[in-house]
Amino acid sequence: MNDQLSSDKPTVRVKALSERDRRRLLMHFLALDDSDRLLRFGMVLPDDLVTRYVQTLDFSRDTVFGVYDDNLALVGVGHLAFAPREANPVLSDATLKARIAEFGVSVSASARGRGVGSKLFERAAIHCRNEDVDTLYMHCLSSNQTMIHIAKKAGMEIHREYGEADAYLKLTPANPGSMLAEAVEEQFASFDYTLKANTKAAMKWWRRLPGMKGK
(Lines give C-alpha, C1' and ligand atoms only; values in the text may rest on other atoms or scores of the structure.)
Protein backbone atom coordinates (compact mmCIF):
# COMPACT_ATOMS: atom_id res chain seq x y z
CA MET A 1 0.00 0.00 0.00
CA ASN A 2 1.33 3.40 -0.96
CA ASP A 3 2.44 5.41 2.05
CA GLN A 4 2.35 8.72 0.22
CA LEU A 5 -1.01 10.17 -0.72
CA SER A 6 0.26 12.71 -3.25
CA SER A 7 3.06 15.17 -3.62
CA ASP A 8 0.92 18.14 -2.56
CA LYS A 9 -0.64 16.58 0.54
CA PRO A 10 1.01 15.89 3.89
CA THR A 11 1.61 12.28 4.81
CA VAL A 12 -1.17 10.84 6.95
CA ARG A 13 0.11 8.77 9.86
CA VAL A 14 -2.24 6.24 11.42
CA LYS A 15 -1.55 5.29 15.04
CA ALA A 16 -3.03 2.49 17.14
CA LEU A 17 -4.93 3.98 20.08
CA SER A 18 -5.18 2.79 23.66
CA GLU A 19 -6.94 3.49 26.94
CA ARG A 20 -5.04 6.74 27.42
CA ASP A 21 -6.61 8.11 24.23
CA ARG A 22 -10.20 7.71 25.45
CA ARG A 23 -10.62 11.39 26.34
CA ARG A 24 -9.46 12.54 22.91
CA LEU A 25 -11.73 9.97 21.29
CA LEU A 26 -14.67 11.45 23.18
CA MET A 27 -13.74 14.97 22.08
CA HIS A 28 -13.52 13.80 18.46
CA PHE A 29 -16.96 12.17 18.43
CA LEU A 30 -18.68 14.95 20.36
CA ALA A 31 -17.36 17.44 17.80
CA LEU A 32 -19.17 15.63 14.97
CA ASP A 33 -22.34 17.42 13.89
CA ASP A 34 -25.68 15.67 13.42
CA SER A 35 -25.09 14.76 9.78
CA ASP A 36 -21.68 13.28 10.56
CA ARG A 37 -23.08 11.31 13.50
CA LEU A 38 -25.79 9.96 11.23
CA LEU A 39 -23.22 8.75 8.71
CA ARG A 40 -20.93 7.27 11.37
CA PHE A 41 -23.48 5.54 13.60
CA GLY A 42 -26.47 5.15 11.27
CA MET A 43 -28.47 7.49 13.52
CA VAL A 44 -28.06 10.87 15.17
CA LEU A 45 -26.75 9.84 18.57
CA PRO A 46 -27.18 12.41 21.37
CA ASP A 47 -24.15 13.38 23.43
CA ASP A 48 -24.94 10.98 26.27
CA LEU A 49 -25.02 7.96 23.94
CA VAL A 50 -21.85 9.10 22.18
CA THR A 51 -20.21 9.32 25.60
CA ARG A 52 -21.46 5.85 26.48
CA TYR A 53 -20.09 4.46 23.20
CA VAL A 54 -16.63 5.84 23.94
CA GLN A 55 -16.73 4.71 27.57
CA THR A 56 -17.57 1.14 26.56
CA LEU A 57 -14.85 0.76 23.91
CA ASP A 58 -12.92 -2.40 24.73
CA PHE A 59 -9.32 -1.94 23.64
CA SER A 60 -8.47 -5.53 24.60
CA ARG A 61 -11.05 -6.91 22.15
CA ASP A 62 -11.24 -4.36 19.34
CA THR A 63 -8.63 -2.19 17.66
CA VAL A 64 -8.99 1.56 17.28
CA PHE A 65 -6.80 3.68 15.01
CA GLY A 66 -6.44 7.43 14.94
CA VAL A 67 -4.93 10.31 13.00
CA TYR A 68 -3.72 13.30 15.02
CA ASP A 69 -3.32 16.87 13.86
CA ASP A 70 -0.49 19.17 14.97
CA ASN A 71 -2.41 20.10 18.13
CA LEU A 72 -2.82 16.41 19.08
CA ALA A 73 -6.53 16.46 18.36
CA LEU A 74 -7.92 13.33 16.73
CA VAL A 75 -9.16 14.25 13.25
CA GLY A 76 -9.78 10.70 12.06
CA VAL A 77 -10.82 7.55 13.89
CA GLY A 78 -11.23 4.01 12.61
CA HIS A 79 -12.86 1.38 14.82
CA LEU A 80 -12.13 -2.23 13.94
CA ALA A 81 -14.53 -4.50 15.83
CA PHE A 82 -13.90 -8.25 15.87
CA ALA A 83 -16.70 -10.79 16.28
CA PRO A 84 -17.35 -14.51 15.68
CA ARG A 85 -18.42 -15.05 12.08
CA GLU A 86 -21.74 -16.49 13.30
CA ALA A 87 -22.57 -13.07 14.73
CA ASN A 88 -23.14 -11.68 11.24
CA PRO A 89 -25.53 -13.78 9.12
CA VAL A 90 -24.56 -11.77 6.03
CA LEU A 91 -21.01 -13.11 6.27
CA SER A 92 -21.46 -16.47 7.95
CA ASP A 93 -20.83 -18.28 4.66
CA ALA A 94 -18.21 -15.85 3.36
CA THR A 95 -15.31 -17.18 5.41
CA LEU A 96 -14.04 -20.27 7.22
CA LYS A 97 -12.09 -18.19 9.72
CA ALA A 98 -13.30 -18.00 13.30
CA ARG A 99 -13.65 -14.22 13.30
CA ILE A 100 -14.74 -11.41 11.05
CA ALA A 101 -14.05 -7.69 11.47
CA GLU A 102 -16.33 -4.68 11.02
CA PHE A 103 -14.89 -1.27 10.22
CA GLY A 104 -16.35 2.13 11.06
CA VAL A 105 -14.70 5.46 10.33
CA SER A 106 -15.19 9.15 11.06
CA VAL A 107 -13.18 12.14 9.85
CA SER A 108 -13.38 15.67 11.17
CA ALA A 109 -14.47 18.36 8.72
CA SER A 110 -11.07 20.07 9.07
CA ALA A 111 -9.24 16.99 7.77
CA ARG A 112 -11.35 16.01 4.78
CA GLY A 113 -9.88 15.78 1.32
CA ARG A 114 -6.55 14.45 2.59
CA GLY A 115 -7.30 10.74 2.26
CA VAL A 116 -7.58 10.21 6.01
CA GLY A 117 -10.49 7.76 5.70
CA SER A 118 -8.69 5.69 3.07
CA LYS A 119 -5.50 5.53 5.14
CA LEU A 120 -7.47 4.39 8.18
CA PHE A 121 -9.09 1.69 6.07
CA GLU A 122 -5.75 0.54 4.66
CA ARG A 123 -4.32 0.24 8.17
CA ALA A 124 -7.38 -1.69 9.33
CA ALA A 125 -7.13 -4.08 6.39
CA ILE A 126 -3.48 -4.91 6.93
CA HIS A 127 -4.11 -5.36 10.66
CA CYS A 128 -6.89 -7.84 9.87
CA ARG A 129 -4.56 -9.83 7.63
CA ASN A 130 -1.96 -9.98 10.39
CA GLU A 131 -4.64 -11.10 12.88
CA ASP A 132 -5.66 -14.03 10.63
CA VAL A 133 -8.96 -12.40 9.62
CA ASP A 134 -9.76 -12.64 5.91
CA THR A 135 -13.12 -10.84 5.77
CA LEU A 136 -13.48 -7.12 6.46
CA TYR A 137 -17.04 -5.78 6.62
CA MET A 138 -18.58 -2.32 6.49
CA HIS A 139 -22.22 -1.37 7.04
CA CYS A 140 -23.41 2.14 6.26
CA LEU A 141 -26.22 4.23 4.87
CA SER A 142 -26.37 4.24 1.09
CA SER A 143 -26.16 8.04 1.31
CA ASN A 144 -22.72 7.79 2.91
CA GLN A 145 -20.79 8.49 -0.26
CA THR A 146 -17.44 8.70 1.55
CA MET A 147 -17.75 5.16 2.88
CA ILE A 148 -19.05 3.90 -0.45
CA HIS A 149 -16.07 5.51 -2.17
CA ILE A 150 -13.64 3.87 0.26
CA ALA A 151 -15.37 0.53 -0.25
CA LYS A 152 -15.27 0.76 -4.05
CA LYS A 153 -11.66 1.92 -4.05
CA ALA A 154 -10.73 -1.13 -1.98
CA GLY A 155 -12.59 -3.46 -4.32
CA MET A 156 -15.23 -4.41 -1.77
CA GLU A 157 -18.38 -6.21 -2.86
CA ILE A 158 -21.29 -3.89 -2.11
CA HIS A 159 -24.92 -4.87 -1.51
CA ARG A 160 -27.63 -2.23 -1.11
CA GLU A 161 -31.02 -2.78 0.46
CA TYR A 162 -33.59 -0.53 2.15
CA GLY A 163 -31.36 2.55 2.07
CA GLU A 164 -28.42 0.77 3.66
CA ALA A 165 -25.30 -0.82 2.23
CA ASP A 166 -23.31 -3.87 3.22
CA ALA A 167 -19.82 -4.29 1.83
CA TYR A 168 -17.14 -6.83 2.48
CA LEU A 169 -13.61 -7.40 1.30
CA LYS A 170 -11.76 -10.71 1.11
CA LEU A 171 -8.22 -10.24 2.35
CA THR A 172 -5.10 -12.14 1.38
CA PRO A 173 -3.22 -14.05 4.10
CA ALA A 174 -0.53 -12.37 6.13
CA ASN A 175 3.10 -12.62 5.08
CA PRO A 176 6.40 -11.19 6.32
CA GLY A 177 5.82 -8.11 4.16
CA SER A 178 2.45 -7.32 5.75
CA MET A 179 3.86 -7.84 9.23
CA LEU A 180 6.76 -5.51 8.51
CA ALA A 181 4.54 -2.91 6.83
CA GLU A 182 2.27 -2.62 9.88
CA ALA A 183 5.20 -2.47 12.30
CA VAL A 184 6.92 0.25 10.27
CA GLU A 185 3.71 2.29 9.97
CA GLU A 186 3.14 2.12 13.73
CA GLN A 187 6.75 3.13 14.39
CA PHE A 188 6.50 6.14 12.09
CA ALA A 189 3.12 7.11 13.57
CA SER A 190 4.48 6.89 17.12
CA PHE A 191 7.48 9.01 16.16
CA ASP A 192 5.19 11.56 14.49
CA TYR A 193 3.01 11.71 17.63
CA THR A 194 6.05 12.21 19.88
CA LEU A 195 7.37 14.97 17.61
CA LYS A 196 4.03 16.79 17.68
CA ALA A 197 3.78 16.40 21.46
CA ASN A 198 7.29 17.77 21.99
CA THR A 199 6.65 20.67 19.63
CA LYS A 200 3.41 21.53 21.41
CA ALA A 201 5.13 21.38 24.82
CA ALA A 202 8.00 23.56 23.57
CA MET A 203 5.60 26.18 22.23
CA LYS A 204 3.69 26.18 25.51
CA TRP A 205 6.95 26.70 27.41
CA TRP A 206 8.03 29.45 24.99
CA ARG A 207 4.81 31.41 25.46
CA ARG A 208 5.33 31.37 29.24
CA LEU A 209 8.66 33.16 28.97
CA PRO A 210 8.70 36.81 30.09
CA GLY A 211 7.66 39.05 27.26
CA MET A 212 6.26 36.19 25.18
CA LYS A 213 2.64 36.29 26.39
CA GLY A 214 0.23 36.96 23.59
CA LYS A 215 2.74 36.10 20.90
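Residues numbered from 1 in each chain as written. Predicted model: local features only at pLDDT ≥ 70, side-chain atom pairs only at ≥ 80, totals over all residues. Heavy atoms only, no water.

**Points about unusual backbone geometry**
As a reminder, the rule being used: For helices the rule is a DSSP run of H or I covering at least 4 residues; for strands it is a run of E covering at least 2, with both sets numbered from the N terminus onward. Under the scheme applied here, a residue whose accessible area is under 20% of the maximum for its type counts as buried, over 50% as exposed, and between as partly exposed, the area being computed with a 1.4 Å probe on protein chains only.
You will see that Leu-72, though not glycine, has its phi angle at about 65°, which is positive. Within the secondary structure, Leu-72 sits in the loop between β2 (63-68) and β3 (74-84). By relative accessible area, which is 6% here, Leu-72 ends up buried.

**Description of the environment of Ala-151**
To keep things clear, this is the line we draw: Contact definition: two residues touch when any of their heavy atoms are within 4.5 Å.
The residue Ala-151 is located in helix α5 (residues 145-153) in this model. Given a relative accessible area of 1%, Ala-151 falls into the buried group. Separated by 104 residues in the primary sequence, Ala-151 and Asp-47 place their C-alpha atoms 28 Å from one another. If near-sequence neighbours (up to four positions away) are discounted, Ala-151 is found in contact with Met-138, Met-156, Ile-158 and Ala-167.

**Quick notes on the confidence of the model for the protein**
For clarity, the threshold we go by: A score from 0 to 100, pLDDT tells how confident the predictor is in each residue.
Per-chain confidence: the protein averages 88 in pLDDT, with 93% of residues scoring 70 or above. Every residue in residues 1-7 scores below 50 in pLDDT, and together they form 14 contacts with partners more than four places removed in sequence or on other chains.

**Quick notes on the pairing of β3**
Just so we agree on the cut-off: The pairing criterion for strands is at least two bridges between them, as found by DSSP.
Burial runs high along β3: 8 of the 11 residues are buried. Examined bridge by bridge, β2 and β3 share 6 bridges and lie antiparallel to one another. Following the sheet pairing, Val-64 is matched in β3 by His-79. The antiparallel pairing of β2 with β3 creates a hairpin that spans 5 residues between the two strands, and Leu-72 there sits at a positive phi of about 65°. Two strands pair when backbone bridges link them, and β3 and strand β4 (residues 99-107) are joined in this way by 9 bridges, in the antiparallel orientation.

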